[in-house]
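# Architecture and fold: a report
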Amino acid sequence: MTGHATAQRPAGVGFLGAGPVTQAIHLPTLARLGDEFRVETVMDVDAGLAASVADRVGARSTTSMAELLDDDRVEVVVVCSPHVFHAEQVVAACRAGKRAILCEKPFAFDAQQASGIAAVSRQTGVPIVVGAMHTFDAGWLAGFEAWGDRTVTGIRSSIALPPNPRFEDFATELTGRPSGSPPAAAAADAIRGGVLGLAIHDLPLVRQLLPAGARPQVVDARVLQPGGYLIILEAAGVPVELHAVTSHNWRADWVLEAIAPDAVLRVDFTPSYVQAGSAIAQLITAEGARRFGPFEYSGYESEWRSLAGILRGTAAPPELQTLIDDLSFALQIADSAVERVTDARAMTAATDDRGGRR
Amino acid sequence: MNGLTVAADSDALQPGAIAAALASLPMTLRATSGPHAALRAIGGGAGWCERAAAALSEGARGVLVARPTAVDVAQLSALAEHDAPIVLDTRWRHNPAVARVPELLAALDGGVSLFEAHAYVADEGSLDDAMRDLALLAQAAGGQMRHVSTVQRSVGRLVVHGQVGGDALHAVVDVTSVGSGTAWLRALGASGGVQLMVPDAGTARAARVTVTDPGGHTLLPLLHESAHRNAWRRLAADVQQGSPASDIDDLRIVTAAFAGEV
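Computed from a prediction, not measured in an experiment: that's the story for all the values here.

### Concerning the sheet that holds strand E1 (residues 4-8) of chain B
Residues and elements named next belong to chain B. Read across the open sheet, the five strands follow the order E2-E1-E3-E4-E5; overall the sheet is parallel. With partners counted over all chains shown, the strands left at the sheet margins are strand E2 (29-31) and strand E5 (86-89), one partner each. Each neighbouring strand pair of the sheet contributes to a mean axis angle of 25 degrees, computed without reference to strand direction. Of the strand pairs in this sheet, strand E3 (residues 39-43) and strand E4 (residues 62-66) are connected by five bridges, and their pairing is parallel. Bridge assignment links Leu39 to a residue of E4, and that residue is Gly62.

Structure, rendered in structure tokens:
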């Protein structure tokens, strides 16, 4: 691509990947931001899927990443492909000289790869936004600001979710949904998938609550049935619990809590996919409870509005080092939890006898 | 005058909020300073097992122990031999809402993925005591406790894992001045869940029991009765019906589980 320098709004957007995240999250969000963005191209290796999704928004479709990147009308590239392609595609989009890249999380698989991406971003001057919607959520941001510089003594990240299709279907009419249930994962894969697929939404927030530079050390990790994880870690002496249960319980319950000697911050997030406004944060102190939100914009919309500000030059792009540190934090937890989970399962196998409640 | 006579040791008065509890049960209980009270309240400080045993030996028909501290399994086994009603007035166990939970858990389809128990206390010195009280609450709601191990301990938090009723237990006590004295349980099942939020033992602010199932999310009727008051009603009923309370056995199981014996 040659220099675009077309700073006129709306900015052209191209999607790499046309799956549920593109259909149920980004397209409905962009429909609310028509003054800022226009979908130009949808790329997917499945030509029929790409065409179907593109047709919904009056965009072109392609099966070729190169074609999308060569198209000057595409100014912002959104990487919504399977995780394994993220790094390669982000680098390619940077080298193509696009104005900005939005990459779904995780944007790399290890810190070295992330550093390489950051180097290309610096070299090309192309800003990268990682689709960590909770970090943009106005409810969280207001609650965290009110939290101030309190010393955190405990953190609880708890996620209870039904399967994604429940909320995908509230967000859009999905096409090309992967069929069947994924095969049962081995413990190590289940715990890594849990950290990098679910916990990762809140780990940047956890890191913000912790003292700067805190390194996580997992002390216990378990796989929960039918799906989920329970991970206990400490970082800079602060205990942190991460747990998630995925089941057919319709009631989503997504909470981040921070405990201090004189306060509790509780943030209730909406389920993924839906455009249901921001999280609701409550800061509880001896004086009472202060509530923040729900604000109008979902984390997704705030994410895109932030990107629009970057394009307009009114907002600073995310610090690349922060993105790398967030990713490294998550990867350290995933790696350490995988090491621990083997022990925990062995212990469970040795001691399991159901005590009979009922 | 009707009602069972009650004599309270001075060290039981404050932790058990004895005066308030007795005043709220004027037909059932009657305070006395005499030596032959039917019921005796003792404080739960060091030596409470021996003092409870002595009270029974001296003729008390039932004993309430206010905020019992840690003892070992052998002491509890010895006390259980008295075969008399003894109620342990711990922080949350006797809130009347707790009794509703077992049948709700039994009705959950597909078992429990995670049984979570959490409490806030104001004083870091009481982390272990609070965890034991939390465990008694969890056991009363969820079933027998086993295989308990301490996973994490810091100045502000204690975490234990184990099994309750055969399900994975994750129990946490946090030190914070906010919401101190509150505990909650949450059992997440395959298609629903049960949650119980219990206030401090001294308040009649209602515990909240909520049930989620495929049909919706239901808040059970609120019972504005403190755990302290209900503990006394329990003791009176056990004495009148001649049925020894199971509290000592419950604490023995929890103590054994924390000691790694079951």
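### Description of the interface of chain A and chain B
With 46 residues of chain A at the contact, the number on the chain B side is 44 residues. Here chain A and chain B share an interface that buries about 3,400 Å² over both sides, 51% of which is from carbon and sulfur atoms. Linking chain A to chain B there are three salt bridges. Between Arg157 of chain B and Glu241 of chain A there is a salt bridge, with its nearest N and O atoms 3.6 Å apart.

### Comments concerning the packing of aromatic side chains
Residue and element names in this part refer to chain A. A complete count under the given rule lists three aromatic pairs over all chains for this structure. Ring geometry for Phe37 against Trp304: centres 4.9 Å apart, planes inclined by 70 degrees, an arrangement best described as edge-to-face. Residue Phe37 is found in strand E2 (residues 37-43), and its partner Trp304 is found in helix H11 (residues 299-312); the two are separated by 267 residues along the sequence. Each member of the pair, Phe37 as well as Trp304, carries the same accessibility label: buried. Between the aromatic rings of Phe167 and Phe170, the centroid separation amounts to 6.0 Å while the plane-to-plane angle is 55 degrees, which identifies the pairing as tilted.

### Quick notes on the sheet that holds strand E10 (residues 183-189) of chain B
All names here are of chain B. One open sheet accounts for eight strands, arranged E7-E8-E9-E6-E10-E11-E12-E13; its pairing is mixed. Every other strand in the sheet has two partners, leaving strand E7 (145-153) and strand E13 (216-219) as the edge strands with one partner each. The mean angle between the axes of side-by-side strands here comes to 15 degrees, regardless of whether they run parallel or antiparallel. When strand E8 (residues 157-164) meets strand E9 (residues 167-175), the two strands line up antiparallel, connected through eight bridges. Residue pairing for E9: Gln163 is matched across the bridge by Ala168. Here helix H6 (residues 127-142) sits on the sheet in contact with strand E6 (112-121), E7, E8, E9, E10 and strand E11 (193-198), set at roughly 145 degrees to E9. Here helix H8 (residues 247-258) sits on the sheet and contacts E7 and E8; the angle it forms with E7, its principal contact strand, is near 55 degrees.

### Some points on the pattern of salt bridges
Applying the stated criterion across every chain yields a total of 34 salt bridges over all chains. One salt bridge connects Arg150 of chain A with Asp262 of chain A, and the closest N-O pair in it is separated by 3.2 Å. Of this pair, Arg150 of chain A sits in the loop between helix H7 (138-147) and strand E7 (154-161) while Asp262 of chain A sits in the loop between strand E11 (253-260) and strand E12 (263-269), and the two are 112 residues apart along the sequence. The class for Arg150 of chain A is partly exposed, based on a relative accessible area of 25%. Taking relative accessible area as the criterion, Asp262 of chain A reaches 37% and is therefore assigned partly exposed. Residue Arg222 of chain A pairs with Asp220 of chain A through a salt bridge whose shortest N-O separation is 2.7 Å. One exposure class covers both Arg222 of chain A and Asp220 of chain A, and it is buried. Through salt bridges with shared partners, a single ionic network connects Arg156, Asp253, Glu257, Arg266 and Asp268 of chain A together with Glu116 and Arg186 of chain B.

### Some words on the state of the cysteines
Here, the word disulfide means a covalent bond between the sulfur atoms of two cysteines. Counting across every chain of the model gives zero disulfides over all chains. Free of any disulfide, Cys103 of chain A has its nearest neighbouring cysteine sulfur in Cys80 of chain A, separated by 8.2 Å.

### Digging into the packing of H6 of chain B against H8 of chain B
All names here are of chain B. Two numbers describe how H6 lies on H8: the axes approach to 10 Å, and their chain directions differ by 120 degrees. With respect to H8, the axis of H6 lies oblique. Both H6 and H8 take part in a crossing whose hand is right-handed. Contacts from Met131, Arg132, Ala135, Leu136 and Gln139 in H6 reach Asp250, Leu251, Ile253, Val254 and Phe258 in H8. Classifying every residue of the contact of H6 with H8 gives seven nonpolar, one polar and two charged.

Procedures and definitions
- Residues numbered from 1 in each chain as written.
- Chains lettered and ligands numbered in written order.
- Predicted model: local features only at pLDDT ≥ 70, side-chain atom pairs only at ≥ 80, totals over all residues.
- Heavy atoms only, no water.
- Pairing = 2+ DSSP bridges.
- Helix = DSSP H or I, 4+ residues; strand = E, 2+ residues; numbered from the N terminus.
- Axes fitted to C-alpha atoms, helices over the stretch in contact; angles between N-to-C directions.
- Contact = heavy atoms within 4.5 Å.
- Buried area = accessible area lost by both parts, 1.4 Å probe.
- Salt bridge = Lys/Arg side-chain N within 4 Å of Asp/Glu carboxyl O.
- Phe/Tyr/Trp six-rings, centres within 6.5 Å; stacked < 30°, edge-to-face > 60°.
- Buried < 20%, exposed > 50% of the residue type's maximum accessible area, 1.4 Å probe, protein only.
- Disulfide = S-S within 2.5 Å.
- Parallel < 35°, antiparallel > 145°, perpendicular 65-115°, else oblique.
- Left-handed = near helix turned anticlockwise from the far one by under 90°.
- Nonpolar A, V, L, I, M, F, W, Y, C, P; charged D, E, K, R; others polar.

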